[in-house]
Amino acid sequence: MRLDWGNPDRPNSYIGRSVPRPNAARLVEGRGRYVDDIVLPRMLHVAFVRSPHAHARILRIATDEAQSAKGVRRVFTGADLCDVCSPWVAVLAHLKGIKSAPQHPIAVERATWTGEPVAAVVAETRAAAEDGAALVDVDYEVLPAVVDMETALDPATPLIHPDLGDNLTFQRLHEKGDVDAIFSAASHVVEATFRTGRHTGVCLEPRSILAEWNPGERQLTVYHSTQAPHMMQSVLAKHLDLPESRVRVICGDVGGSYGIKVHVYPDEVATAAIARVMGRPIKFIADRTESFATDIHARDHRITGRIAVDENGKILAIDIDDLTGIGPYSVYPRTSAIEGNQVVNLCGGPYDFQTYRAQTTVVLQNKTPTCQYRAVGHPIACAVTEGLVDMAAEKVGLDPVEMRRRNLIADDAYPYTSAAGMKFEALSHHRSLEKLVALMDYKGLRAEQAQLRERGVYRGIGIASFIELTNPSPFMYGIGGARISAQDGCTVRMDPDGSVVALSGVTEQGQGTEAILAQIVAEAVGVEVGEVRIITGDTQTTPYGGGTWASRGAGIGGEAALQAGLALRANILEVAGAMLQAKADTLDIRAGRIVDSNGGIERMDLAELGRIVYFRGDTLPRELSREMVATRHYITSEYAFAFTNGVQASWLEVDVETGFVKLLKHWCVEDCGRIINPMLVDEQIRGGIVQGIGGALYEECLYDGDGQLLNANMADYLVPMAAEMPDMVVGHVETPTAESALGAKGAGEAGTAGAPGAVMNGINDALRPLGARLTEMPFTPERVLRALGKLTK
Amino acid sequence: MNAEGMFRRQVEVALTVNGEPVEARVDAGKHLVDFLRLDLGLTGSHAGCEHGVCGACTIRVNGEIVRGCLVLTAQLDGAEVWTVEGVSETGEMRALQDAFVQRNALQCGFCTPGMLFAAAELVERGGRPSREEIREHMSGNYCRCTGYEAIIDAIEQVTSDQEGAR
Ligand code: FES
Ligand code: FES
């Protein structure tokens, strides 16, 4: 059956409406159930002793005093877990040449970053475990630390893992066309070096896990604050040497994740291993200092970029050299090479040009491991591209909007393959840009800016076009050997009272997955949205799936839900047809009732149908199939990824005396295909923008020369707060993907992808009359003043 | 005093929590948010930093909002404590809670109970604060999900409805 998307008055039209989230009502009453809220009988708590050194040999660990402390039940060292938990190596076959060293849940011989677990103390209470951890005495031989990524590959730099031969994890060079020839012949070439600050997610709920081994069932049950329950099931089974079927991962409410909680963390695996050894439930909740030192960091990049344009400002070629430091290990199982790889894939992405060279070099260092965080690589690629495009526009003498009009891929050019080899099904850069220009009254703002400049007020407008990778196929991870599902499933069933339950492999992290699944299922089956209950986050009951990452919940999980709902609808109508002695295709289901498709006369409600199917099946024809349940899976096949696009604008003021940047307003027009719930999409965009702004203006993990993290607390690591954030106007263009019936692409990362570039361009636009330019994030007042020449020391 | 000594010392307290009398013997070093969560099972108050910075543990003690991770339970003899569970039952924050749901002013919900207490303080003051004033007032509470705008919208809705009704 086809859904009549164009008609807002179609029956059961929940898709496209701003329905509030069913789980929000519970959360505002404090009735969430996060991992730390769960208490199990005989539960113990674990706290970790962590390396105070960036790089050190572990000579001796004295546990006696801790062992005999009040409340302490047991102390584990890395060696103690070697027999129950095998180490992992985070490489993927499709990332040619990637290498990393075996990583243990607790460091065995050497500690390689400040914060790496060195021992674990299990006690009756968390306070006792922490007190016990303070009593573990570790002798270290401090080793030289590799801190600066720029010198990580120098012959004089010590090797972090001598077995690897060097500190290089991964390198990739992509080249298309004769780059050098184009650059030497071009009318204009501009070049700049950009830096993005190493930052982290700061989920308000820290990483949390509660693991329980049941010897009778030989089953490990893990309550986990995670984005990928099935992936974790697979990882824990493999490294604890259990059958996958004997590991159950349950993921209830998650207090923010943003990519932070999609990785394998040594302390979490250690917690599961300890539960396996002790046969008692073990809980680990990271504290805030641990979160800063051990949650993955991201975006520690230095990028040198050049762009060649002709005399009309037409982009001819882009040349990118990216360097990133990822800490001492590639992070399991997604690897820490993906971010750099995305920089190569995405630079120049919105633009029509075909000569391109990009190299990424991914090196090891003795800092917290980095890995994929919301919008992986996009904010970097976008800022570098948009920074270069603005510089080129200035050189040619073009307005930034006009520069983009001349260079964005034409809206009728699709399908289009970018210079980086990315395949775009259908994007709407020009429509999005024109919508943005209208929404923000670009001309009016330019006039206001010019007026204020005369009064010594420096305001700027920053524009950033972007693309976003969503709905990933197995080409992202599965092809490289990782057991990470790109497919997702949904089971939809009707119960005797006519209500509907849907079980999905995608997960809820607060973004509204359960709300949109309920909308889709309600529309597909033909019931009120309040009659649909959604169950996610349990590997033992939901269909197998990938969970939440790469903005895949709506596009992949949503399509599975749509198809499962439509299948159930067909099953229901077949039974209804038999009961009403009508042809199934003359009937319809609307708001929980069987009606005549023509005229809509009610024939029976679903509760009556349910009663007969479940309790009086004897009255139905014997050969009639009466499956009140249907499961469907969905995977993309034509395109490796469903790209979305959009454009952001930042309007801001720079105080040239103090260096402070005040954000006045922010706009984003984006195209995520079919919108299921406009309010939820807008809030994903807004939340994403603010995370991007955090990276642009405030957030940075600061290290000293010895590899000590200097600001591992919320008072010193700044994040955006309500008072500093602007109001954000969000607009949409809808270009549904033709790959699925639903047509949805992802929306979770677009805000973060474009915001840093927009803010950077806004600051540089404000400071242009003063001849200052900033390319190093975060743009702190100090850096602004330095760029203005007002701070020289 | 070292940590061990501190935890060994126990103190008797009698207070009311959400309108119900509670008598307890607590470690002298136990913070209110831990007492509520661990001893009373009131898990609606969250700990995001245990450092007084994030505001996730914000609750009401003797009519004032406090950071539950900074207040020692031992000092609360005779105090009146209200948590999100309690005010949900009395219905006194219903308008704010409804506005948060309608406007999707929460995503993961971890910051939300603390946000509600901070917002209620402003709402109770009456008047029609500007968006800037609301933003300023809410600036002690972290939210990593929403970008704040929806929270500001929800509070603005409630303060203007309240003024309109006067
Ligand atoms: S937990 Fe109390 S302010 Fe963060
Ligand atoms: S809703 Fe997640 S931190 Fe505010």
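Residues numbered from 1 in each chain as written. Chains lettered and ligands numbered in written order. Predicted model: local features only at pLDDT ≥ 70, side-chain atom pairs only at ≥ 80, totals over all residues. Heavy atoms only, no water.

> Which residues make up the overall build of chain B, and what values go with them?
Helix and strand counts for chain B come out as 7 helices and 5 strands. When the elements of chain B are put in sequence order from the N terminus, they spell out α-β-β-α-β-β-β-α-α-α-α-α. Relative to a compact globule of 166 residues, whose C-alpha radius of gyration would be 15 Å, chain B shows 17 Å and is just as compact. Each of the three principal axes of chain B carries a C-alpha extent, and together these read 50 × 30 × 20 Å. Buried positions account for 58% of the 166 residues belonging to chain B. The contacts of chain B with a sequence gap of at least 6 include a subset with a gap of at least 24, amounting to 56%. Accessible surface, chain B as shown: approximately 6,700 Å² in total, 46% of it carbon and sulfur. Between the centroid of the 15 positive side chains of chain B and the centroid of its 25 negative side chains there is a distance of 4 Å. (Helix = DSSP H or I, 4+ residues; strand = E, 2+ residues; numbered from the N terminus. Rg over C-alpha atoms; globule rule 2.2 N^0.38 Å. Buried < 20%, exposed > 50% of the residue type's maximum accessible area, 1.4 Å probe, protein only. Contact = heavy atoms within 4.5 Å. Areas by Shrake-Rupley, 256 points an atom, 1.4 Å probe, with all protein chains shown as cover. Lys, Arg positive; Asp, Glu negative; His and termini not counted. Charge placed at Lys NZ, Arg CZ, Asp CG, Glu CD.)

> Quick rundown of the overall build of chain A? Include the residues and the values.
Each helix and strand in chain A was counted, giving 19 helices and 30 strands. A globule of 793 residues ought to have a C-alpha radius of gyration of about 28 Å, and chain A, at 28 Å, matches this closely. Judged by the C-alpha coordinates and their principal axes, chain A covers about 90 × 70 × 45 Å. The 793 residues of chain A split such that 66% are buried. Nonlocal contacts in chain A, meaning residues at least 24 apart in sequence, comprise 79% of its contacts between residues at least 6 apart. Averaging the locations of the 77 positively and 99 negatively charged side chains of chain A gives two centres separated by 2 Å.

> If you had to explain the sheet that holds strand E5 (residues 80-82) of chain B to someone new, which residues and values would you point to?
Residue and element names in this part refer to chain B. With mixed pairing, the 5 strands of this open sheet are ordered in space as E2-E1-E5-E3-E4. Edge positions in the open sheet fall to strand E2 (20-27) and strand E4 (64-67), since each of these has one partner strand only. Within this sheet the neighbouring strands show an average axis-to-axis angle of 40°, counted without direction. Pairing geometry for strand E1 (residues 10-17) and E5, over 2 bridges, is parallel. Bridge pairing links Val-17 to Val-81 in E5. Of the strands in this sheet, E1, E2, strand E3 (58-61) and E5 touch helix H2 (residues 32-39), which is tilted by about 110° from E2. Contacts from helix H5 (residues 112-125) reach E3, E4 and E5 within the one sheet, and its direction differs from that of E3 by about 50°. (Pairing = 2+ DSSP bridges. Axes fitted to C-alpha atoms, helices over the stretch in contact; angles between N-to-C directions.)

> So, the pattern of salt bridges: which residues are in play, and what are the values?
Under the criterion given, the structure shown has 72 salt bridges over all chains. A:Asp180 is the salt-bridge partner of A:Arg357, the closest N and O atoms lying 2.8 Å from each other. Of this pair, A:Arg357 sits in strand E17 (residues 355-363) while A:Asp180 sits in helix H5 (residues 179-185), and the two are 177 residues apart along the sequence. Residue A:Arg357 is classed as buried on the basis of its relative accessible area of 15%. For A:Asp390, the salt bridge identified is with A:Arg404, shortest N-O distance 2.9 Å. Taken together, the residues span a long stretch of sequence, with A:Asp390 in helix H10 (residues 378-396) and A:Arg404 in helix H11 (residues 400-407) at a distance of 14 residues. A:Arg404 shares its class with A:Asp390; the two are buried. Each of A:Glu683, A:Arg686, A:Asp727, B:Arg103, B:Arg131, B:Arg135, B:Glu149, B:Asp153 and B:Glu156 takes part in salt bridges that share partners, so that together they form one network. (Salt bridge = Lys/Arg side-chain N within 4 Å of Asp/Glu carboxyl O.)

> Describe unusual backbone geometry, naming the residues involved and giving the relevant values.
Residue and element names in this part refer to chain A. Between Tyr-332 and Pro-333 the backbone carries a cis peptide bond, its omega angle lying at -15°. With respect to the helices, strands and loops of the structure, Pro-333 is situated in the loop between strand E16 (315-325) and helix H9 (338-346). With an omega of -5°, the peptide bond between Met-777 and Pro-778 qualifies as cis. Along the chain, the position of Pro-778 falls in the loop between helix H18 (750-767) and helix H19 (781-787).

> Just give me the short version of the sheet that holds strand E4 (residues 110-111) of chain A, but keep the residues and values in it.
Residues and elements named next belong to chain A. Spatially, the 3 strands line up as an open sheet ordered E4-E2-E6, and their pairing is antiparallel. Among the strands making up the open sheet, the edge pair consists of E4 and strand E6 (137-142). Bridging between strand E2 (residues 56-62) and E6 involves 6 bridges; their strand directions are antiparallel. Each bridged residue has a counterpart across the sheet, and for Ile-58 the counterpart in E6 is Tyr-140.

> Outline the interface of chain A and chain B, supporting the account with residue identities and numerical values.
Interface size is often expressed as the accessible area that is lost when the parts come together. The interface is formed by 50 residues belonging to chain A together with 48 residues belonging to chain B. Interface area, chain A with chain B, both sides summed: about 4,100 Å², of which 54% is carbon and sulfur. It is A:Val28, A:Leu204 and A:Ala722 in chain A that bury the most area against chain B; as a group they hold 17% of the surface buried on that side. Scanning the region where chain A abuts chain B turns up 9 salt bridges. The salt bridge involving A:Arg126 is made with B:Glu50; its shortest N-O contact spans 3.4 Å. Seen at the junction of chain A and chain B, the total is 29 residue pairs in polar contact (both at pLDDT 80 or more). Secondary structure elements with two or more residues in the side of chain A that touches chain B: helix H1 (24-27), helix H4 (126-134), helix H17 (678-698) and strand E30 (727-732) of chain A. The element contributing the most residues to the side of chain A that touches chain B is H17(A), with 8 residues. Broken down by class, the residue content of the side of chain A that touches chain B amounts to 27 nonpolar, 10 polar and 13 charged. (Buried area = accessible area lost by both parts, 1.4 Å probe. Polar contact = N/O pair within 3.5 Å; in protein donor to acceptor, adjacent residues only side chain to side chain. Nonpolar A, V, L, I, M, F, W, Y, C, P; charged D, E, K, R; others polar.)

> I'd like a description of the domain arrangement of chain B, backed by residues and values.
All names here are of chain B. Each assigned domain of chain B is listed here: domain 1 (3-87) and domain 2 (93-164). Facing 17 residues of domain 1, the contacting portion of domain 2 comprises 15 residues. For the pairing of domain 1 and domain 2, the buried interface totals around 1,300 Å² over both sides, and the portion due to carbon and sulfur atoms is 60%. Where domain 1 touches domain 2, the interface holds 1 salt bridge. Salt-bridge contacts for Glu-124 lead to Arg-60; the nearest nitrogen and oxygen are separated by 3.1 Å. Connecting domain 1 to domain 2 are 5 residue pairs in polar contact (both at pLDDT 80 or more). Every element with two or more residues in the side of domain 1 that touches domain 2 is listed here: E3, E4 and helix H3 (84-90). (Domains from an automatic or database assignment.)

> Can you break down the pairing of E4(B) residue by residue, with the values?
All names here are of chain B. Two elements, E3 and E4, share 4 bridges in a ladder whose sense is antiparallel. Each bridged residue has a counterpart across the sheet, and for Thr-58 the counterpart in E4 is Arg-67. Count of turn residues in the E3/E4 antiparallel hairpin: 2 residues, of which Asn-62 carries a positive phi of about 50°.

> Let's hear about the layout of surface pockets: which residues, and what values?
Residue and element names in this part refer to chain A. If you add up the space inside the second largest pocket, you get close to 730 Å³. In terms of lining, the second largest pocket is formed by 35 residues, of which the most central are Asn-23, Arg-26, Asp-253, Glu-514 and Ile-534. Looking at the lining of the second largest pocket, the elements that each hand over two or more residues are H1, strand E11 (219-224), helix H14 (513-525) and strand E23 (532-536). The greatest single-element share of the lining of the second largest pocket, amounting to 5 residues, is contributed by E23. Residue composition of the lining of the second largest pocket, by class: 18 nonpolar, 9 polar and 8 charged. Here the lining of the second largest pocket gathers at least three residues from each of two domains, domain 1 (24-32 + 487-634) and domain 2 (38-143 + 205-294). (1 Å grid on protein atoms, 1.4 Å probe; cavity = no way out; pocket = protein on both sides within 12 Å on 5 of 7 lines; lining within 4 Å. Points joined across faces, edges and corners; volume = space filled by probe spheres on them.)

> Pulling in residues and values, what's your account of empty space enclosed by the protein?
Over the atoms rolls a probe the size of a water molecule, and its path tells where empty space is left. Residues and elements named next belong to chain A. A complete count under the given rule lists 7 cavities of 30 Å³ or more for this structure. Considered as a void within the structure, the largest cavity measures approximately 720 Å³ in volume. Sorting the residues of the lining of the largest cavity by element identifies H14, helix H15 (553-580) and H17 as the ones contributing at least two each. Here the element with the most residues in the lining of the largest cavity is H17; it accounts for 3 residues. Among the residues making up the lining of the largest cavity, the classes are represented as 20 nonpolar, 19 polar and 6 charged.

> Any chance you could break down the domain arrangement of chain A for me, citing the residues and the numbers?
All names here are of chain A. Structurally, chain A comprises domain 1 (24-32 + 487-634), domain 2 (38-143 + 205-294) and domain 3 (375-467 + 641-787). Here the C-alpha centroids of domain 1 and domain 2 sit 39 Å apart. Summing both sides of the interface, domain 1 and domain 2 together bury roughly 1,400 Å²; the carbon and sulfur share of this comes to 41%. In this assembly, domain 1 and domain 2 are joined by 2 salt bridges. Taken together, the links from domain 1 to domain 2 amount to 11 residue pairs in polar contact (both at pLDDT 80 or more). Split by residue class, the side of domain 1 that touches domain 2 holds 4 nonpolar, 13 polar and 3 charged.

> Could you give an account of the confidence of the model for chain B, with specific residues and numbers?
Residue and element names in this part refer to chain B. Mean pLDDT for chain B: 95, with 95% of residues reaching 70 or above. Taken together, the stretch residues 1-5 has pLDDT below 50 and engages in 3 contacts with residues farther than four places along the chain or on a different chain. Confidence estimates for the predicted assembly give a pTM of 0.97 and an ipTM of 0.97. (pLDDT = per-residue confidence, 0-100.)

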